[in-house]
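This is what each chain is made of:
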Amino acid sequence: MARILAITNQKGGVGKTTTAVNLAASLASLGKKVLLVDLDPQGNATTGSGAEKQGLAKTVYHLLLGTDGYEAVRLRSESGGFDLLPANRDLAGAEVELVEQKQREYRLKQALDKASDAYDFILIDCPPALNLLTVNALTCAHSVLIPMQCEYFAIEGLADLVNTIKKIKARLNPGLVIDGVVRVMFDNRNTLAQHVSDQLKAHFGAKVFDTVVPRNVRLAEAPSHGLAVLQYDRVSKGAQAYLQMARELIAKRDAEIGKEGVRRG
Ligand code: ATP
Ligand code: MG
């Protein structure tokens, strides 16, 4: 069964999509079967995976409204080696249309139910808001992956996110956990970044990934070519960091499965 991760942070421009696309490609290069779900009307994960977002016949919008199943919406990112459920600005309409509907928080969960057996990891790229789309992601996911820049306001925003996660856990998804906090766009010459990083570790302990993603221009360039950084510049610091993060995620996951096995046995 797939591990479903919601990559989320309501703050804009913190590296969610960069993490989603590059983690998907890195996990795929390590032999994992990966589905990337673009749950943002901006469609950045779609473009960044090499798909053309305009003129798509089927998108996540159709999936959420229940007119199509995931197989009809699915595309293949040939360069990235993973499957993609694409989105474009149509998705903004889904939020409005869903408000009237029953079980509106469970739409993504229902739609991905059948996909779970076909993948090792399902990654959901969330929009920069704690809205109904993000609630769908958090209701569907086993866990949350939070990319964050180590700056002062980021810590403040994190408290809101952790509260939202607690509410979703209580109301909609009791099994939801935080799998990790990932430090991205990191500049270790910056003393504030070091300080915030220490605070994060004090608060989240082992949930903070050891892997740190540095600020690296290759990561910013790759999406304009519709490529993950691994295909754009394999030896760059950015590519190596996301590969290392993928290894760390796989190791965490294997350790979890081991524990579950012991509990059952
Ligand atoms: P939004 O909230 O709008 O969805 P986001 O959280 O998905 O944004 P990204 O789009 O991944 O953030 O990143 C924001 C910008 O920063 C992009 O231009 C991206 O290319 C750039 N970027 C992300 N990570 C890095 C990095 N490690 N080094 C350099 N640039 C980066
Ligand atoms: Mg994004």
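Everything discussed here concerns the structure shown above.
Below you will find a few notes about this structure. Everything numeric in this text was worked out from a predicted model, so none of it was measured. (Residues numbered from 1 in each chain as written. Chains lettered and ligands numbered in written order. Predicted model: local features only at pLDDT ≥ 70, side-chain atom pairs only at ≥ 80, totals over all residues. Heavy atoms only, no water.)

### Some details on unusual backbone geometry
- For Gln103, which is not glycine, the phi dihedral falls at a positive 55°.
- With respect to the helices and strands, Gln103 occurs in the loop between helix H5 (91-98) and helix H6 (107-112).
- For Met185, which is not glycine, the phi torsion reads 50° and is therefore positive.
- Looking at the element boundaries, Met185 is found in strand S7 (residues 177-186). (Helix = DSSP H or I, 4+ residues; strand = E, 2+ residues; numbered from the N terminus.)

### Quick look at the sheet that holds strand S5 (residues 121-125)
- On the basis of which strands lie adjacent, the open sheet formed by 8 strands has the order S3-S4-S2-S5-S1-S6-S7-S8 and mixed pairing. Bordering the open sheet on either side are strand S3 (75-77) and strand S8 (208-214), each of which pairs with just one other strand. Between one strand axis and the next, the sheet turns by 25° as a mean value, whatever way the strands run.
- Where strand S2 (residues 34-38) meets S5, 5 bridges bridge the pair, whose relative direction is parallel. If you follow Asp38 over to S5, its bridge partner there is Asp125. (Pairing = 2+ DSSP bridges. Axes fitted to C-alpha atoms, helices over the stretch in contact; angles between N-to-C directions.)

### What about helix H7 (residues 132-140)?
- Where burial is concerned, most of H7 is hidden: 9 out of the 9 residues are buried.
- Every buried residue of H7 is listed here: Leu132, Leu133, Thr134, Val135, Asn136, Ala137, Leu138, Thr139 and Cys140.
- Among the residues of H7, the N-terminal cap falls to Asn131, whose side-chain oxygen and the backbone nitrogen of Leu133 are separated by 3.1 Å. (Buried < 20%, exposed > 50% of the residue type's maximum accessible area, 1.4 Å probe, protein only. Polar contact = N/O pair within 3.5 Å; in protein donor to acceptor, adjacent residues only side chain to side chain.)

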